[in-house]
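Overview (structure and organization)
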Amino acid sequence: MKYDLLIREGEVVDPGSGLRGPMDVGIANGKIAAVAPALPPEEARTTISAKGRYVTPGLIDVHAHLFVNSSDMGENTDRFCNAGGVTTVCDAGSAGSANFAGLRFVVDRAVRTRARAFVNLAAIGISGTSRCGELSHFPYADPEGCARTIAENRDLAIGVKLRYGPGIVWEYTTEPVKLARQAADMAGGVPLMIHITDTPLPLPDILACMKPGDIITHCFHGRDHGIMGPAKELILKEVVEAQRHGIIFDCAHGRGGHFNFPLIEKALDQGFLPDTISTDLTFTTATRGPVWDLTTTMSKLLHFGVGLDAVVLRATATPAKILGLEGVVGTLRPGANADVAILELRDGDHELRDTDGNTVTAKRRLIAQMTLKDGRMRYERPPE
Ligand SMILES: [Zn+2]
């Protein structure tokens, strides 16, 4: 037998690899073995029909929260990821140098989804309380510890995280950004991810301290100092320039003003697309919305006119590159890990919500029907 598993008659959508069309996907030994029209079913131990479905690389969520506290997914990470077609997930700075071992314990013991993590500049990570931001006291800033943590956990830690916002950082200058960038340099030039919502500084000041490959996350927030000027009408020219020079704009849905439909519509109208689509998923937003899962966030961008291929690219090949997993996951090219999502694009009237009380009725919605990681079935949507 040539294949352990053959996914038949689906429509392959893998824009990162240039694969598109009705094709079968053959899997052997946990890897993609072949992608081509009409692979012989008699050479497969098992076959699955993906008729009427899209077959994409397993989705990659570059901004979510896996650690264990009131607002992370913790032991529920696999459940939420699998149901959203996600096979690789990245924790966006829940832990810092002082508690990264705790995150490592959770990932090693309770998470089978492929995981990576940004290490917070704050030694205590995201403290999970609105009473006090993780960097409101300067002594919590620990660039050396952050760099050391990354160096000691290369298989898991891939970058530095900074949340820049009122009450989160100790001073409203570019100093916190510069210190975070220093930590990323000390760790060998890893990416720096910066959360911006209601930042006390104009975004261009922050962008000026960043390097190509660094990431602005929550780029569609509707508060002050975002990707648009004060009137929230036009994309800033510094933002267009930064994106052209390789700064990555991640849309991390999240809650509390992080994802604003009117701003998204205007940004898309002006030709601004995020580079990556992610959820900022936590236990609360996965169980009470408005995020639910990655396919729902992707559906919101589909609703506003972004094409299916563009949406899939931003949740597969592009985040794979950020995580240092280019060619390994986020692709259906033969030789890659057999991480696959089988998605349905369901017609209907789907009510979708942003974080600011705006709702739309989408005519189509992506729904994960099956999720496979390393060639093994991790999720099958129960019959409705
Ligand atoms: Zn987050």
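Remember, it's a predicted structure, so these values are computed and weren't measured experimentally. (Residues numbered from 1 in each chain as written. Predicted model: local features only at pLDDT ≥ 70, side-chain atom pairs only at ≥ 80, totals over all residues. Heavy atoms only, no water.)

Helix and strand counts for the protein stand at eleven helices and 15 strands. Against the 2.2 N^0.38 benchmark of 21 Å for 384 residues, the protein shows a C-alpha radius of gyration of 20 Å, consistent with a compact globule. When the backbone C-alpha atoms are referred to their principal axes, the protein occupies close to 65 × 45 × 35 Å. Taken across its 384 residues, the protein has 60% of its residues classed as buried. For the protein, restricting intrachain contacts to residue pairs at least 6 apart in sequence, the fraction spanning at least 24 positions comes to 72%. Side-chain charges in the protein split into 41 positive and 46 negative, and the spacing between the mean points of these groups amounts to 3 Å. (Helix = DSSP H or I, 4+ residues; strand = E, 2+ residues; numbered from the N terminus. Rg over C-alpha atoms; globule rule 2.2 N^0.38 Å. Buried < 20%, exposed > 50% of the residue type's maximum accessible area, 1.4 Å probe, protein only. Contact = heavy atoms within 4.5 Å. Lys, Arg positive; Asp, Glu negative; His and termini not counted. Charge placed at Lys NZ, Arg CZ, Asp CG, Glu CD.)

Protein coordination at the zinc ion: the donors are His63 (NE2), His65 (NE2) and Asp280 (OD), at 2.1 to 2.2 Å from the metal. Site description for the zinc ion: donor spacing in sequence, H-x1-H-x214-D. Per residue, the accessibility class of His63 equals that of His65, and both read buried. (Donors = N, O, S within 2.8 Å, 3.2 Å for Na, K, Ca; no water.)

Tallying each qualifying case throughout the model produces seven aromatic pairs. Between Phe220 and Phe259, the aromatic rings sit 6.3 Å apart at their centres with planes inclined by 65°, giving edge-to-face as the arrangement. Remark: Phe259 occurs in the loop between β12 (248-250) and α7 (261-269) and Phe220 occurs in the loop between β11 (215-217) and α6 (237-244); sequence separation between them is 39 residues. Arranged with centres 6.2 Å apart and planes meeting at 80°, the rings of Phe220 and Phe272 form a pair that is edge-to-face. (Phe/Tyr/Trp six-rings, centres within 6.5 Å; stacked < 30°, edge-to-face > 60°.)

All right, on to the pairing of strand β13 (residues 340-353) then. The pairing of strand β5 (residues 54-57) with β13 spans four bridges and is antiparallel. Each residue of the ladder has a partner; that of Tyr54, found in β13, is Leu343. Alignment of β13 against strand β14 (residues 359-373), held across twelve bridges, turns out to be antiparallel. Bridge assignment links Glu344 to a residue of β14, and that residue is Ile367. What sits between the antiparallel neighbours β13 and β14 is a turn of five residues, in which Gly357 has the positive phi angle 85°. (Pairing = 2+ DSSP bridges.)

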